[in-house]
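Commentary on secondary and tertiary structure
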Amino acid sequence: MTERPLPVPDRDTAPFWEAAREGRLRIQRCLGCGRNVFYPRPVCPHCLSSELGWIDCSGRGSVYSYTVVHRTSEEFRDQVPFTVALVELEEGVRLLARLDVGEPRVGMPVEVAFERVSDELSLPHFKEVD
Amino acid sequence: MTRDRLGAIAGVAESDLGVVGPDRTSLDLQAQAAKAALEEAGLGLSDVDAVFSAGGEAWSPTMAIAEYLGITPRWSDATNIGGSSFDAHVGHAVTAIRAGRCEVALITYGSTQRSQRSRSLGRTGEIRGPAQFELIWGLPLPVGAYALAATRHMHQYGTTAEQLAEVAVATRAWAALNPKAYYRDPISIGDVLASPIISSPLHLLDCCLVTDGGGAVVVVSEAVAGSLRGKPVWVIGHGEAHTHLTIANMPDLTVTPAALSGPVAMEMAGVTHADLDVVEVYDSFTITVIETLESLGFCAPGEGGEFVSRQRTAPGGDFPLNTNGGGLSYCHPGMYGIFLLIEATRQLRGERGEAQVPGARLALVNGTGGVLSSCATVVLAGD
Ligand SMILES: [Zn+2]
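Below, the structure is looked at part by part.

About the cut-offs
- Residues numbered from 1 in each chain as written.
- Chains lettered and ligands numbered in written order.
- Predicted model: local features only at pLDDT ≥ 70, side-chain atom pairs only at ≥ 80, totals over all residues.
- Heavy atoms only, no water.
- Disulfide = S-S within 2.5 Å.
- Buried < 20%, exposed > 50% of the residue type's maximum accessible area, 1.4 Å probe, protein only.
- Pairing = 2+ DSSP bridges.
- Helix = DSSP H or I, 4+ residues; strand = E, 2+ residues; numbered from the N terminus.
- Axes fitted to C-alpha atoms, helices over the stretch in contact; angles between N-to-C directions.
- Contact = heavy atoms within 4.5 Å.
- Salt bridge = Lys/Arg side-chain N within 4 Å of Asp/Glu carboxyl O.
- Donors = N, O, S within 2.8 Å, 3.2 Å for Na, K, Ca; no water.
- Tetrahedral: all angles 85-135°; square planar, octahedral: opposite > 155°, others 65-115°.
- Expected span 1.5 Å × (residues − 1).
- Parallel < 35°, antiparallel > 145°, perpendicular 65-115°, else oblique.
- Nonpolar A, V, L, I, M, F, W, Y, C, P; charged D, E, K, R; others polar.
- Buried area = accessible area lost by both parts, 1.4 Å probe.
- Polar contact = N/O pair within 3.5 Å; in protein donor to acceptor, adjacent residues only side chain to side chain.

**Comments concerning the state of the cysteines**
All names here are of chain B. Following the criterion strictly, the structure yields zero disulfides over all chains and no others. Cysteine 375 takes part in no disulfide bond, and the closest cysteine sulfur, belonging to cysteine 299, lies 15 Å away. You can call cysteine 375 buried: its relative accessible area is 0%.

**Some thoughts on the sheet that holds strand S3 (residues 75–77) of chain B**
Sheet strands associate in pairs through backbone hydrogen bonding, adopting either a parallel or an antiparallel arrangement. Residue and element names in this part refer to chain B. In spatial order, the strands read S3-S2-S4-S8-S1-S9-S12-S11-S10; together these nine strands make up an open sheet with mixed pairing. Either end of the sheet is taken by a strand with one partner, and the two such strands are S3 and strand S10 (278–281). Recorded for the sheet is a direction-independent mean angle of 25 degrees between the axes of neighbouring strands. Against the sheet, helix H9 (residues 258–269) makes contact with strand S9 (233–242), strand S11 (362–369) and strand S12 (374–381), and its axis sits at roughly 150 degrees relative to S9, the strand it touches most.

**Things to note about the pattern of salt bridges**
Where charged atoms from two side chains of opposite charge approach closely, those side chains can pair. For the structure shown, the criterion picks out 22 salt bridges over all chains. Among the salt bridges present, the one from Arg346(B) reaches Glu14(B), with a minimum N-O distance of 2.9 Å. Of this pair, Arg346(B) sits in helix H13 (residues 337–349) while Glu14(B) sits in strand S1 (residues 7–14), and the two are 332 residues apart along the sequence. For Arg346(B), a relative accessible area of 15% gives the class buried. Here Glu40(B) makes a salt bridge to Arg349(B), at a shortest N to O gap of 2.7 Å. Highlighted residues: Glu40(B) in helix H1 (residues 26–41) and Arg349(B) in helix H13, separated in sequence by 309 residues. In this structure Glu40(B) comes out as partly exposed when scored by relative accessible area, which is 35%. Where salt bridges share partners, they join Glu22(A), Arg24(A) and Asp56(A) into one cluster.

**Some words on unusual backbone geometry**
Each neighbour pair has its own omega, and for Leu141(B) with Pro142(B) the value is 5 degrees, a cis peptide bond. Of note, the amide linkage connecting Ser200(B) to Pro201(B) takes the cis form, showing an omega dihedral of 5 degrees. Within the fold, Pro201(B) resides in the loop between strand S6 (197–199) and strand S7 (202–203). One non-glycine residue, Leu48(A), adopts positive backbone phi at about 75 degrees. Position of Leu48(A) among the secondary structure elements: in the loop between strand S3 (36–37) and strand S4 (52–56). One non-glycine residue, Asn322(B), lies in positive phi territory at about 55 degrees. In this fold, Asn322(B) is placed in the loop between helix H11 (304–307) and helix H12 (326–330). Under the relative-accessibility criterion, Asn322(B) is labelled buried at 1%.

**Let's talk about the coordination of the zinc ion**
Residues and elements named next belong to chain A. Listed as protein donors to the zinc ion are Cys30 (SG), Cys33 (SG), Cys44 (SG) and Cys47 (SG); their distances from the metal cover 2.3 to 2.4 Å. What the four donor atoms of the zinc ion show is an angle range of 101 to 116 degrees at the metal, which sorts the shape as tetrahedral. Counting gaps between the donor residues of the zinc ion yields the pattern C-x2-C-x10-C-x2-C. With a relative accessible area of 33%, cysteine 47 lands in the partly exposed category.

**Some details on helix H5 (residues 143–157) of chain B**
All names here are of chain B. Here H5 contains 15 residues, and its C-alpha end-to-end distance of 21 Å stays within 8% of the 21 Å for a straight helix at 1.5 Å per residue. For H5, the tally of buried residues reaches eleven of 15 residues, placing the bulk of the element in the interior. Phi turns positive, to about 75 degrees, at glycine 158, one or two residues after H5.

**With respect to the packing of helix H6 (residues 161–175) of chain B against helix H10 (residues 286–295) of chain B**
All names here are of chain B. Here H6 crosses H10 at 100 degrees, and the two axes come no closer than 8 Å. Comparing their axes, H10 and H6 come out roughly perpendicular. On H10, the residues that touch Gln163, Leu164, Val167 and Ala168 of H6 are Thr286, Ile287, Val289 and Ile290. Looking at the contact of H6 with H10 residue by residue, the class counts come to six nonpolar, two polar and no charged.

**Describing the environment of Asp185(B)**
Residues and elements named next belong to chain B. Within the fold, aspartate 185 resides in the loop between H6 and helix H7 (189–194). Residue aspartate 185 is classed as exposed on the basis of its relative accessible area, which comes to 59%. Counting along the chain gives 57 residues from aspartate 185 to histidine 242, while the straight-line C-alpha distance between them is 36 Å.

**Regarding the interface of chain A and chain B**
Taken together, the contacts link 39 residues of chain A with 38 residues of chain B. Interface of chain A and chain B: buried area, both sides summed, is about 3,200 Å²; carbon and sulfur atoms make up 62% of it. In this assembly, chain A and chain B are joined by zero salt bridges. Across the contact surface, chain A and chain B share 22 residue pairs in polar contact (both at pLDDT 80 or more). Contributions of two or more residues to the side of chain A that touches chain B are made by strand S1 (6–7), helix H1 (14–21), strand S5 (60–69), strand S6 (82–89), strand S7 (94–99) and strand S9 (122–128) of chain A. For the side of chain A that touches chain B, the element with the most residues is S5(A), which contributes six residues. Grouping the amino acids of the side of chain A that touches chain B by side-chain chemistry returns 23 nonpolar, eight polar and eight charged. Looking at chain direction, S1(A) and strand S5 (residues 126–127) of chain B are connected through two bridges and run parallel.

Next comes the structure, spelled out in structure tokens:
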């Protein structure tokens, strides 16, 4: 069994993964134009500002789209079927994540629920809002 | 009306297709196709002064094929925007030709992904850069990304699995007329729906093939075309665009970059939708076709499913589409866009026998690359 691919935090993304380890979903906010930015990067893709801060998200959002995966690469094969979703956060950005629900649907209200994969790393999964 | 001739396609060819065996290489397939395309054009290696290529094993695909064939180009373009690269190369080639920088451009592609079993759905190990937010979830790529688009299209517009299947069934019917097609037995909508789900809502038969194969296209100036014996196919419009690399960053999962490249190409060509006789669009997945037809404006957003219903795009239907059997049934060696050009050229020369669209004079080609990331549109006219 090959190992599942894992993120390597870098200068841009380390604050995201540090917060994730503490159970917080954190994204960038541009101090130049006020818009939220995900994935993390050193220059705002809306206004070219390099003044980007971080905000804690509510952790809530809705499912923009999803797919139930039945066939995939070897390292994930023991997990099928599983659901991968594009989640639109309340803060207006979209991210790809696992969706841990029985019957996914577009528009479903969801909230983040971190999955601990090691002492250093937790990944943002989402579950249905009760 | 008289349309601007930006350049001409003077020769096209495939290499061996399907499963070529483990003793073949991508360069070998490119050379085989290039030789056939140049011979069809009536040109020699010394006439080629520009090379265009993408993909393959070499770090520089244009230097690789140029060395292999003994070409010393004065124009070299290895633009890689995925499977649409070669359709973009046509636009780049005629632009360079019109600027007087070259006269005979050779575009090639080859892949032995099937025989080398090199195609992978995912990646292992440590993921660096923006990909660390995309490749860690087990989403099979590219199919999972197209599945996300399909789910969204179905939700937003009520598109059905049966409508997606219509595309696969019609494309297979065209493949039945193409002796070079990998799969030629007819299939039904029921067959598509009964095939295994790969990544919902896409079934196995909603997905393109994984084959080997190569192709070549020779693009020449109007002056060179006039000196050749063969029937030229004129390039009269082109456009290209990309909107994202990763699926999470696609602005709208139901609109492809064809919405940007299509109007540019059609305006340049001075053609309307009704003028076009035959359309060849990248069919990586059935949803790609439905979203492409909408994005190109052949129907309104959301009406793509209805548009392809009742086998409208099959042989005998009133919208001839993917007349070689497409990436779904004819061949799909990883980056398919060059085969769209080959088929459109043959249709406009009237060479397609049983699959010939009667009186075809104008064709539109639209390549799509990545995960609905890039599009390149080319409008072609018969002589
Ligand atoms: Zn900004």
